[in-house]
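Topology and contacts: notes
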Amino acid sequence: MFDGYDSCSEDTSSSSSTDESEEEVSPLPSSLPIIKNNGQVYTYPDGKSGMATCEMCGMVGVRDAFYSKTKRFCSVSCSRSYSSNSKKASILARLQGKPPTKKAKVLQKQPLVAKLAAYAQYQATLQNQAKTKAGNAVPVEGFSWGNYINSNSFTAAPVTCFKHAPMGTCWGDISEGVRVEVPNTDCSLPTKVFWIAGIVKLAGYNALLRYEGFESDSSLDFWCNVCGSDIHPVGWCATSGKPLVPPRSIQHKYTNWKAFLVKRLTGAKTLPPDFSQKVSECMQYPFKTSMRVEVVDKTHLCRTRVAVVESVIGGRLRLVYEESEDKTDDFWCHMYSPLIHHIGWSRSIGHRFKRSDITKKQEEHFDAPPHLFMKVKEVDTAGEWFKEGMKLEAIDPLNLSAICVATIRKVLADGYLMIGIDGSEAADGSDWFCYHATSPSIFPVGFCEINMIELTPPRGYAKLPFKWFDYLRESDSIAAPVKLFNKEVPNHGFHVGMKLEAVDLMEPRLVCVATVTRIIHRLLRIHFDGWEDEYDQWVDCESPDLYPVGWCQLTGYQLQPPAPQTSRDSQSSSSKQKKKAKSQQYKGHKKMTSLQLKEEMLDGEEYSFLQGASDQESNGSASYYIKQEP
């Protein structure tokens, strides 16, 4: 298929005579790489206006010379082969360097080349303009994931760690060394051309690519989102009638590009033929605008309210509380969040619910079907089960950097529990919060001690250091049985130091650049880059609020870049102002909730891990409650 790239001669690029066409067309650029075959000149225009691409062998030629009325194949041989071989097999054949049959070499007249080149240039311009207008990428001024990772030698969590994210369950074996076809930016041609590149490094959805032929030269390496519209499997150009042109910097290196490509691509891996289709399917979300749901009331965590889906971005929902007339009273969460439920959920389990003042819902609003919501595991409450007054340890939903001493205040139906943080509860229970019995955010007594995590004692408790044995005796209470807690530890694939994009759950509309700093079985400590450790958050490894690097760019969500990096000893005034603003944001949120929350969450003592403790990592089904050596 590739018999060598060359430059058109002046005779070749001349326009057609007036006898053949009265229309004036742009001359073919003298530097346009072409394919020579038996002395005839070929190019890869867009397949329209007189040209066709064989769906079997990928050969491009004059449409009128193609076989059958549909002009799908260049010969009877290809037509028959297509019926007995899949399209995937034909792409694999081209990947392995198998040339088309002699019958597939359709000849074309030289004067037609100039016409088609001009038309292809016009079409490419229109397509580029359309893609520019419809592009989803949301650039972050001054921040680039590629530069950030390269300059610091960071490692990103692989896409397979995020089952809820697009392609999370069908990423396959995309890895370093995979070859793809991408636009060739090292080219002076007016038309959009492509070349083959290999993945040098993966960082989430983003890949560092290097054009074939550059060997160890990294001067033109570039980052690109693998799920973007400009990355294709090898063979796509042939089947789509797009030009494959080597970069200008290396055109002189080889005279026989066909032999080079055959040697480099034989046995190489590429993207699946249906990769872009799978990406598109993964970007379809079942939740639609105007759907009604029940969601936690952000001002009183003990109850739920009705909210309406205002927008859906990458599976994240902007919910507007139904009583908000100006639509400013909103709440952000993922469609798989445990904080949202179908209409009627609160009543079915006995959860507190704030009735809406709106007597009749708007006509365009409709209840979201129950099957759209994340299902919780069924539990057997008939035997030994949680009881009111039992003690446990729980992540404080209003201070996610702390695991606190907590008490079960009410047992609801279907395995749900109302929990309160000891020492900071309101008398009316307005600061209780709901966790399911299988929630990874609640732990048995002693979990923090075993795993060397600082446990936050009850506010005002004077007998320090805190000892569970003494506290249970003094409060005349019992610990919840260990066997009732969720001990499953999935093989999540996270490691300390991995980069990702994470929701700031204290301001859930924000998705930020973040790092995994600790791993305790299935529990991850998420640090927001550039911010102090006091803003870290404990998050489950399967949380729908964690995303691969490049997720914001792929979905069109705005990414929050790292805060300015400064040393502890000499912080710039700009950084101090930003951190102060962040602290005020937390304070404002807590004031808004009207709950009696810990002062430590705001500007009190800073919690740290036990001195001398080592992080433990568990990426399998090791014992959840047995102390392990690091």
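Residues numbered from 1 in each chain as written. Predicted model: local features only at pLDDT ≥ 70, side-chain atom pairs only at ≥ 80, totals over all residues. Heavy atoms only, no water.

Note the cut-off: UniProt positions are given in the numbering used here, feature names are shortened, and annotations may be inferred rather than shown by experiment.
Under the annotation held in an unreviewed UniProt entry, the protein chain carries the name Mbt domain containing 1 and is attributed to Nothoprocta perdicaria. Under the UniProt heading Subcellular location (unreviewed entry), the entry covering the protein chain gives this text: "Nucleus".

**Digging into the overall build of the protein chain**
Let me state the cut-off plainly: Under the DSSP-based scheme used, a helix requires at least four consecutive residues in state H or I and a strand at least two consecutive residues in state E, with every element numbered from the N terminus. Relative accessible area decides the class of each residue, using a 1.4 Å probe on protein chains only: under 20% of the type maximum gives buried, over 50% gives exposed, and in between gives partly exposed. Here, residues are in contact when the closest pair of their heavy atoms is within 4.5 Å. To measure how exposed things are, a 1.4 Å probe is used in the Shrake-Rupley method; for residues, cover is taken only from the protein chains shown.
Check the secondary structure of the protein chain and you find 12 helices and 30 strands. Expressed as a percentage of the 630 residues in the protein chain, the buried residues total 50%. Here the analysis covers contacts within the protein chain between residues at least 6 apart in sequence; of these, 65% occur between residues at least 24 apart. Taken as a whole, the protein chain presents about 30100 Å² of accessible surface, with 49% of it coming from carbon and sulfur.

**Brief notes about helix H10 (residues 468-475)**
Restricting attention to buried positions, one finds in H10 the residues Trp468, Asp470, Tyr471 and Leu472. Taken from the residues just after H10, Asp476 is the one with a positive phi, measuring 50 degrees.

**Side note on the packing of aromatic side chains**
The cut-off we apply is this: Two rings from Phe, Tyr or Trp (for Trp, the six-membered ring) form a pair when their centres sit within 6.5 Å of each other. Planes less than 30 degrees apart are called stacked, planes more than 60 degrees apart edge-to-face, and all others tilted. Only lysine NZ and arginine CZ atoms are considered, and such an atom sits over a ring when it is within 6 Å of the ring centre and within 35 degrees of the ring normal.
In the structure shown here, the tally under the stated rule is 29 aromatic pairs. When the ring of Tyr254 is compared with that of Phe260, the centres are 4.5 Å apart and the planes differ by 35 degrees; the resulting orientation is tilted. An aromatic cluster is built from Phe143, Trp145, Tyr148 and Phe154, whose rings are joined through pairwise contacts. The positively charged end of Arg305 is found above the aromatic ring belonging to Tyr321, 4.0 Å away from the centroid.

**What about the pattern of salt bridges?**
Here is the rule: Every case where a carboxyl oxygen of Asp or Glu lies within 4 Å of a side-chain nitrogen of Lys or Arg is listed as a salt bridge.
This model, assessed by the stated rule, comprises 30 salt bridges. We note a salt bridge from Lys354 to Glu323, for which the minimum N-O separation is 3.6 Å. Residue Lys354 is found in the loop between strand E17 (352-353) and strand E18 (366-367), and its partner Glu323 is found in the loop between strand E14 (316-321) and strand E15 (330-334); the two are separated by 31 residues along the sequence. Residue class for Lys354 comes out partly exposed when judged on its relative accessible area of 27%. The shortest N-O distance in the salt bridge between Asp540 and Arg522 comes to 2.6 Å. Taken together, the positions of Asp540 in strand E28 (residues 537-540) and Arg522 in the loop between strand E26 (511-520) and strand E27 (523-528) put the pair 18 residues apart, joining distant regions of the chain. What makes Arg522 buried here is its relative accessible area of 5%.

**Quick look at the sheet that holds strand E10 (residues 222-225)**
Backbone hydrogen bonds are what pair the strands of a sheet, in a parallel or an antiparallel way. Threshold: In short, DSSP must find at least two bridges between two strands for them to pair. Axis definition: a line fitted to C-alpha atoms, over the contacting stretch in the case of helices. Angles run 0 to 180 degrees between N-to-C directions.
An order of E10-E9-E8-E7-E11 is seen for the 5 strands of this open sheet, with the pairing classed as antiparallel. At either margin of the open sheet sits one strand with a lone partner, and together these are E10 and strand E11 (232-233). The sheet strands contacting helix H6 (residues 257-265) are strand E7 (179-183) and strand E8 (194-203), and the helix crosses E8 at an angle near 30 degrees.

**Comments concerning the pairing of E14**
Within E14, 6 of the 6 residues are buried, which leaves it mostly tucked inside the rest of the structure. Sheet topology places strand E13 (residues 300-313) next to E14; 6 bridges connect them, and they run antiparallel. Bridge pairing in E14 places Val309 opposite Leu319. Between E13 and E14, which follow one another and run antiparallel, lie 2 residues, and Gly314 among them has a positive phi close to 60 degrees. With 5 bridges joining them, E14 and E15 adopt antiparallel strand pairing. When the bridges of E15 are listed, Val320 appears paired with Asp330.

**Things to note about helix H4 (residues 145-152)**
Selection rule: Relevant arc is that of directions from the helix axis to the C-beta atoms, nothing else.
Buried within H4 are the following residues: Trp145, Gly146, Tyr148 and Ile149. Down the axis, H4 shows its buried residues gathered within 165 degrees of arc, on one side only. Among the exposed residues of H4, those oriented more than 90 degrees off its buried face are Asn147 and Ser151. With its phi angle positive at about 55 degrees, Ser153 sits one or two positions after the end of H4.

**Focus: the side chain of Thr438**
The criterion, for reference: Polar contacts, as counted here, are pairs of nitrogen or oxygen atoms within 3.5 Å of one another; within protein the pair requires one atom able to donate a hydrogen and one able to accept it, and residues that are adjacent in sequence qualify only if both atoms are side-chain atoms.
As for its position among the elements, Thr438 is in the loop between strand E22 (433-436) and strand E23 (442-443). Relative accessible area serves as the criterion here: at 18%, Thr438 is assigned to the buried category. Within the local environment of Thr438, its side chain forms a polar contact with the side chain of His436, the two groups lying 2.8 Å apart. Sequence-distant contacts of Thr438, that is, excluding residues within four places in its chain, are made with Lys377, Val379 and Asn486.

**Notes on the nonpolar core**
Test applied: In this description, a nonpolar core means a group of buried Ala, Val, Leu, Ile, Met, Phe, Trp, Tyr and Cys residues linked to one another through side-chain atoms lying within 4.5 Å.
If you look at the biggest cluster of nonpolar residues, it comprises 71 residues, and the most contacted ones within it are Trp171, Phe275, Phe494 and Ile526. Ranked by size, the runner-up nonpolar core spans 57 residues in total, among them Val309, Leu319, Ile421 and Phe466.

**Thoughts on unusual backbone geometry**
With an omega dihedral of 0 degrees, the bond running from Leu464 to Pro465 counts as a cis peptide bond. Its place among the elements puts Pro465 in the loop between strand E24 (455-456) and H10. For Ser153, which is not glycine, the phi dihedral falls at a positive 55 degrees. Within the secondary structure layout, Ser153 lies in the loop between H4 and strand E6 (155-156). Positive phi is not limited to glycine here, since Met452 has a value of about 55 degrees. Its location among the elements puts Met452 in the loop between helix H9 (447-450) and E24. Judged by its relative accessible area of 13%, Met452 falls in the buried class.

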